[in-house]
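Topology and contacts: notes
Residues per chain are reported as follows:
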Amino acid sequence: MNYGENLKKQYERLGICKDVYEFGCRIEERLKERFLALDQTAEFNQMKVIAAMQKKKVSAECFQQSSGYGYNDFGRDTLEAVYAECFCGEDALVRPQITCGTHALALALMSNLRPGDELLSPVGKPYDTLESVIGIRPAKGSLAEYGITYRQVDLKEDGSFDYEGIRRAIHEKTKLVTIQRSKGYAVRPTLSVARIKELISFIKQIKPDVICMTDNCYGEFVEESEPLEAGADLIVGSLIKNPGGGLAPIGGYIVGKKECVENAAFRLTSPGLGKEVGASLGIMQSFYQGLFLAPTVVNAALKGAIFAAGIYEQLGFDVFPGAAESRHDIIQSVTFHHPKAMRAFCEGIQAAAPVDSYVTPEPWAMPGYDSDVIMAAGAFVQGSSIELSADGPLKEPYSVYFQGGLTYPHAKFGILMSLQKLYEQNLVNKDRMC
Ligand SMILES: *Cc1c(COP(=O)(O)O)cnc(C)c1O
């Protein structure tokens, strides 16, 4: 079989041996139909973004920079209108002053909850960094310190919602329900927009005025609809993940009900000031252009994730989701049960990067996480996980979470390089590579 001699040579120059390359080609061949379906979603979402930009009359003027207070920042205000339109919200807050996803989530929670209110997570433990925000792990300035209580209902063994438990957990103090779309570092399925809709309808039946917030990190543009269309009041995410398209150098967003977004704006800046202040300092073009590219960047990341699943599934490792399973975020986990293999995988991702390819990732005690974390990323934007990256807590079961890739060829190369590292260290069963 001829897998493209020129391409094979190119990969060889980059350190991918013939066996690894040809194995990759065979796996890729099987994924053709999956990829076609993903291309259709990307096309749909590309049109959605263009339609929003046209409707809100994005112009070259939007890219001009403001400084100081940032009053009447036309580019910033138009971008927020574009986000609201694109994600089907009444209003949006999209700011470089929101430093990351955790900050955006903390902002949405702290501004919409008051002392005496209760926060409910009906989908189990939230993302690690939110434990400090909520006060599950004691932390200065947590919701708990302000007298905001927290209740959690875990998913059932099979991943389904514990409707009875949820019904019992909702009472007069329940003010806000947080629903994390992506599995994050947890072992549970990521929620589809359809499942989020089911959950929200159930909750609103019990308590119509409760605020339903979705942590939308890693979920944007994976499907053709978004959680606000499924009844959520608020969606929150990071611009150095999906919606920033790899170009946004910082930022977070909150989109949804006008009142909820307003609350967040008054918390981000100051009561009385809200959305009126906040200079955009010349980064507006990257926000617009990043959003414009986001649907195809997410498409590349999804293809990379499925390719990784295909490769490691064939090699006998536990992958989640499986190569043939439906997916609702860009994260792929591979479980190695072996620290060496986990490190080799990360070394490969690092070695395939356009930036910092010559360094070796080492585990470290990252703030907000309760065990050492290993991270591989050679990103243009520091820590950006829409760029090709892999990370995971260095503890049993030694699962890496792999995500991103601004282009599919880069994602593919990263996966091949990860396999190359395992192959060289005899950490894979070579018989399975036929
Ligand atoms: C990444 C992520 C966060 C936190 O975002 P940071 O930008 O890392 O602070 C929160 N929730 C989920 C589901 C995430 O994936």
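Refer to the preceding data block for the structure.
Keep in mind it's a predicted model, so treat the numbers as computed, not measured.

Let's shift gears to the packing of helix 11 (residues 339-351) against helix 12 (residues 408-424). Where helix 11 meets helix 12, the closest approach of the two axes is 7 Å, and the angle between their N-to-C directions is 135°. Compared by their axis directions, helix 11 and helix 12 come out oblique. The crossing of helix 11 and helix 12 is right-handed. Facing helix 11, whose interface residues are Ala-341, Ala-344, Phe-345, Glu-347, Gly-348, Ile-349 and Ala-351, helix 12 presents Gly-414, Ile-415, Met-417, Ser-418, Lys-421 and Leu-422.

The next thing to look at is the site of the ligand. All residues adjacent to the ligand are Cys-100, Gly-101, Thr-102, Leu-105, Tyr-127, Gln-180, Asp-215, Cys-217, Tyr-218, Ser-238 and Lys-241. Separating an oxygen atom of the ligand from a side-chain N or O atom of Thr-102 is a distance of 2.5 Å. Contacts to the ligand include Lys-241, whose side-chain N or O atom sits 2.9 Å from an oxygen atom. Among the elements that take part in the shell around the ligand, helix 5 (residues 101-112) stands out by supplying three residues, more than any other.

The next thing to look at is the pairing of strand 2 (residues 118-121). A two-sided burial pattern is seen for strand 2, the buried positions comprising Glu-118 and Leu-120 on one face and Leu-119 and Ser-121 on the other. In terms of strand pairing, strand 2 meets strand 3 (residues 149-152) through four bridges, oriented parallel. In the strand pairing of strand 3, Ser-121 is matched with Gln-152. Where strand 2 and strand 4 (residues 174-180) come together, three bridges link them in parallel fashion. In the sheet register, Leu-119 faces strand 4, and the bridge partner there is Leu-176.

Going through the model one piece at a time under the given rule, you end up with 22 salt bridges. Notably, a salt bridge pairs Glu-80 with Arg-95, separated by 2.7 Å at the nearest N-O pair. Taken together, the residues Glu-80 in helix 4 (residues 74-87) and Arg-95 in strand 1 (residues 91-95) connect sequence positions 15 residues apart. The exposure class assigned to Arg-95 is buried, which follows from its relative accessible area of 1%. Across the salt bridge formed by Glu-80 and Lys-275, the nearest N and O atoms sit 3.4 Å from each other. Taken together, the residues span a long stretch of sequence, with Glu-80 in helix 4 and Lys-275 in the loop between helix 9 (258-268) and helix 10 (284-314) at a distance of 195 residues. Taking the relative accessible area as the measure of exposure, Glu-80 reaches 2% and is therefore buried. With a relative accessible area of 22%, Lys-275 lands in the partly exposed category.

A few words on unusual backbone geometry. The omega torsion across Phe-320 and Pro-321 is -5°, close enough to zero to call that bond cis. That bond from Glu-396 to Pro-397 is cis: its omega, 5°, falls within 30 degrees of zero. Within the element layout of this structure, Pro-397 appears in the loop between strand 11 (389-393) and strand 12 (399-403). Positive phi, close to 65°, is recorded for Cys-88, a residue that is not glycine. Mapped onto the elements, Cys-88 comes out in the loop between helix 4 and strand 1. Not every positive phi belongs to a glycine, and Tyr-398 is a case in point at roughly 55°. Take Tyr-398: it is sitting in the loop between strand 11 and strand 12.

How each quantity is defined
- Residues numbered from 1 in each chain as written.
- Predicted model: local features only at pLDDT ≥ 70, side-chain atom pairs only at ≥ 80, totals over all residues.
- Heavy atoms only, no water.
- Axes fitted to C-alpha atoms, helices over the stretch in contact; angles between N-to-C directions.
- Helix = DSSP H or I, 4+ residues; strand = E, 2+ residues; numbered from the N terminus.
- Parallel < 35°, antiparallel > 145°, perpendicular 65-115°, else oblique.
- Left-handed = near helix turned anticlockwise from the far one by under 90°.
- Contact = heavy atoms within 4.5 Å.
- Near = heavy atom within 4 Å.
- Polar contact = N/O pair within 3.5 Å; in protein donor to acceptor, adjacent residues only side chain to side chain.
- Buried < 20%, exposed > 50% of the residue type's maximum accessible area, 1.4 Å probe, protein only.
- Pairing = 2+ DSSP bridges.
- Salt bridge = Lys/Arg side-chain N within 4 Å of Asp/Glu carboxyl O.

These figures come from the coordinates and say nothing about function on their own.
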